[in-house]
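Chain residues, written in single-letter form:
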Amino acid sequence: MRDTPPPGIDTTVPSPARLYDYVLGGRENYAVDRQFAEKLLAQAPELRQTALYNRAFLRRAVTLLADQGVDQFLDIGSGLPTVENTHEVAQRVNPDARIVYVDNDPSVVVHARALMEGQGSVEFVRGDARDVPGILNAPGTRSLIDFERPVAALLVAVLHFVADEEDPARIVADLAGACPPGSHVVLAHATTEDCDPRLQAHIEESYANSPTTTLRLRSRSAIEVMLTKVEPGLVQAHQWRVAEPPDGGPLRVLAGVARVD
């Protein structure tokens, strides 16, 4: 775990990307992130398993789409590089697959650019999920993604950081509208469904006191309006295309893949 941050990294407030990194067992986090995460984990140690389920869903979705011939991936809100990144999963199926990562967290910018150096089929774009045109028109995106061919747009564990008034359903619609038929939108979103009410209250209170980040757990119906689904539809992330799903934790993530027709 890091103690001295690179230039431009604010370690006085927790970062969602670094929190996720810490919960997944990564090293790119600081004391402020660990303290915030441990408060949540004290209420529900199973949150670490939820994060692992979410990451496993991403791997399965990317593998499925790569197997079906999709060779372009736009990973929005990608977070810090960790084990089994999108490009590693996709290129295991198709070495020619092209991946653009997008994030607006300064911590991610520093580490992602170092990871991408020298990889012609992988690019990083500094951008915000709320600004879909900015992402789609960024030189880094246009350098790798051909929007005349199918694209997989990933929004995995990012839209619950978007407030209601910022219209997360519009973000999905704008992305889907920019992609040609045969494309897919991959979505995972923390939900109130089957969530322990005490944990939900604790999470919302914790993020309400954060100076930089909000987190909005949403109902199944609120998430369903963001996504028209391919089989097996919108399900708990740990159940998505798993023959014998494990038990879920106290915080659930709904996940699905939508085909653009």
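Residues numbered from 1 in each chain as written. Predicted model: local features only at pLDDT ≥ 70, side-chain atom pairs only at ≥ 80, totals over all residues. Heavy atoms only, no water.

The protein is annotated in an unreviewed UniProt entry as S-adenosyl methyltransferase of Thermomonospora umbrina.

Observations concerning the pattern of salt bridges
Two side chains bearing opposite charge may form a pair once their charged atoms approach each other closely. Under the counting rule described, the total for this entry stands at 14 salt bridges. The partner of Glu84 in a salt bridge is Arg92, with the nearest N and O atoms 2.5 Å apart. For Arg92, a relative accessible area of 54% translates into the label exposed. In this structure, Arg130 engages Glu166 in a salt bridge whose closest nitrogen and oxygen atoms are separated by 3.0 Å. (Salt bridge = Lys/Arg side-chain N within 4 Å of Asp/Glu carboxyl O. Buried < 20%, exposed > 50% of the residue type's maximum accessible area, 1.4 Å probe, protein only.)

Observations regarding unusual backbone geometry
Even without glycine at this site, Ala157 takes up a positive phi of about 60 degrees. Along the polypeptide, Ala157 turns up in the loop between β4 (152-156) and α8 (168-178). Of note, Asp167 is a non-glycine position whose phi angle comes to about 60 degrees, a positive value. Summarising the element assignment, Asp167 is placed in the loop between β4 and α8. (Helix = DSSP H or I, 4+ residues; strand = E, 2+ residues; numbered from the N terminus.)

Notes on the packing of aromatic side chains
Considering all chains together, one arrives at 1 aromatic pair under this definition. Between Phe57 and Trp240 the ring centres are 5.2 Å apart and the planes differ by 90 degrees, which places this aromatic pair in the edge-to-face class. With Phe57 in helix α3 (residues 47-67) and Trp240 in the loop between β6 (235-236) and β7 (252-259), this pair connects stretches of sequence that are 183 residues apart. Taking the relative accessible area as the measure of exposure, Phe57 reaches 0% and is therefore buried. The class of Trp240 is buried, set by a relative accessible area of 0%. Its guanidinium or amino end placed over the ring of Trp240, Arg241 lies 5.4 Å from that ring's centre, counting from NZ or CZ. (Phe/Tyr/Trp six-rings, centres within 6.5 Å; stacked < 30°, edge-to-face > 60°. Lys NZ or Arg CZ within 6 Å of the ring centre and 35° of its normal.)

Here we look at α3
For α3, spanning 21 residues, the distance from its first C-alpha to its last is 30 Å, which sits close to the expected 30 Å at 1.5 Å a residue. A positive phi of about 105 degrees marks Gly69, the residue just after α3. (Expected span 1.5 Å × (residues − 1).)

What about the sheet that holds β4?
Spatially, 7 strands are ordered β3-β2-β1-β4-β5-β7-β6 in an open sheet, and the strand pairing comes out mixed. At either margin of the open sheet sits one strand with a lone partner, and together these are β3 (122-126) and β6. In terms of strand pairing, strand β1 (residues 72-76) meets β4 through 3 bridges, oriented parallel. Bridging from a neighbouring strand, Asp75 pairs with Leu154 of β4. Contacts from helix α4 (residues 86-93) reach β1, β2 (98-103), β3 and β4, with the element oriented near 165 degrees to β2. Across the sheet, α8 touches β1, β4 and β5 (184-191), and the angle it forms with β4 is around 165 degrees. (Pairing = 2+ DSSP bridges. Contact = heavy atoms within 4.5 Å. Axes fitted to C-alpha atoms, helices over the stretch in contact; angles between N-to-C directions.)

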